[in-house]
Amino acid sequence: MRVVLAATGASGTIYLQRLLDYLSGPEHELHLVLTPYAKQVVHEEAGELRLPPNVTEHSDKSMNAPFASGSALFDAMVVCPCSMGTLGRIAAGTSETLTLRAADVFLKERRKLILVPRETPWSLIHAKNALTVIEAGAILLPAMPSFYSRPKTFEELADTVVWRILDQIGIHPPNARRWQETGDENGI
Ligand SMILES: Cc1cc2nc3c(=O)[nH]c(=O)nc-3n(C[C@H](O)[C@H](O)[C@H](O)COP(=O)(O)O)c2cc1C
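Residues numbered from 1 in each chain as written. Predicted model: local features only at pLDDT ≥ 70, side-chain atom pairs only at ≥ 80, totals over all residues.

Topic: the sheet that holds strand β4 (residues 76-82)
- Spatial ordering of the open sheet is given by β3-β2-β1-β4-β5-β6, a layout of six strands whose pairing is parallel. Each edge of the open sheet carries a strand with a single partner, namely β3 (55-59) and β6 (139-140).
- Relative to β6, strand β5 (residues 112-117) runs parallel, the two sharing two bridges. Residue pairing across strands places isoleucine 114 opposite isoleucine 139, the latter belonging to β6.
- With respect to the sheet, helix α1 (residues 13-22) is in contact with β1 (2-7), β3, β4 and β5, its orientation differing from that of β4 by roughly 150°. (Pairing = 2+ DSSP bridges. Helix = DSSP H or I, 4+ residues; strand = E, 2+ residues; numbered from the N terminus. Contact = placed C-beta atoms within 7 Å. Axes fitted to C-alpha atoms, helices over the stretch in contact; angles between N-to-C directions.)

Now the structure itself:
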């Protein structure tokens with residue numbers, strides 16, 4: 001698959017890292033772009049990212065990337081984590097950075113755009129921006145981990161979100177816990 005991963009300055013580097021881990025196979029072509037604030041959050045939360053060999057990194061300040069144009073064919077774009085600032089700018093269609101232009105392109109081309117916001121609580125402005133991007137065709141997949149698989153590590157907890165992102169892209173990790181398919185007597 002050809003996938004664009006964009007990270008913004010919201011908390012949640014662990015979700016981005018787990019996505020990179022899951023998409024590290026040679027069958028995938030990954031393009032990564034980090035906003036300036038994403039770099040700061042990565043530094044705060046993880047130090048640095050582990051980048052797999054199939055990743056190409058792009059500057060958020062340059063439109064010199066294939067996915068800045070609708071003519072290049074991609075399967076999905078994931079903004080993870082997605083700040084409320086970027087959510088609002090996507091909703092407004094500002095397109096002034098590579099991340100924002102790419103999101104705009106995916107929406108106009110009716111391609112899969114998955115936004116993973118992390119903020120709480122939400123203002124009315126956040127909620128209205130969320131509604132706007134959903135109406136425009138984006139999939140809004142908030143970073144809301146679940147606990148019924150009884151995760152024991154931060155990675156296992158993060159994976160409860162990452163599995164849902166991958167499901168949306170059409171990649172179904174064999175280790176993803178699914179209700180009543182694997183696990184104990186509770187059907188977990
Ligand atoms: C350590 C740190 C954590 C942050 N966490 C969040 C967050 O969880 N959600 C959010 O919407 N903004 C968060 N912010 C604020 C955004 O980084 C800020 O609004 C920024 O302008 C977003 O720009 P970007 O979307 O271009 O990365 C955080 C900032 C820092 C420095």
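Structural notes on helix α6 (residues 154-169)
- Taking 1.5 Å per residue, 16 residues should reach 22 Å; α6 reaches 23 Å between its end C-alpha atoms and fits that length.
- Where α6 bends most, the angle comes to about 35°, and this point is threonine 160.
- Those residues of α6 that sit buried are Ala158, Asp159, Val161, Val162, Trp163, Ile165, Leu166 and Ile169.
- If you follow the buried residues of α6, they end up packed against β1, α1, β4 and β5.
- At the exit of α6 stands glycine 170, carrying a positive phi of roughly 100°. (Expected span 1.5 Å × (residues − 1). Bend = angle between axes of the 7 residues up to and from the residue. Buried ≥ 20, exposed ≤ 12 C-beta atoms within 10 Å, placed from the backbone.)

Quick look at the site of the ligand
- Contacts to the ligand come from 16 residues, most closely from Thr8, Gly9, Ala10, Thr35 and Tyr37.
- Residue contributions to the shell around the ligand peak at five residues, all from helix α2 (residues 36-45).
- Looking at the shell around the ligand residue by residue, the class counts come to five nonpolar, eight polar and three charged. (Near = placed C-beta within 6 Å. Nonpolar A, V, L, I, M, F, W, Y, C, P; charged D, E, K, R; others polar.)

Focus on the pairing of β4
- Burial runs high along β4: seven of the seven residues are buried.
- Bridging between β1 and β4 involves four bridges; their strand directions are parallel. When the bridges of β4 are listed, alanine 6 appears paired with valine 79.

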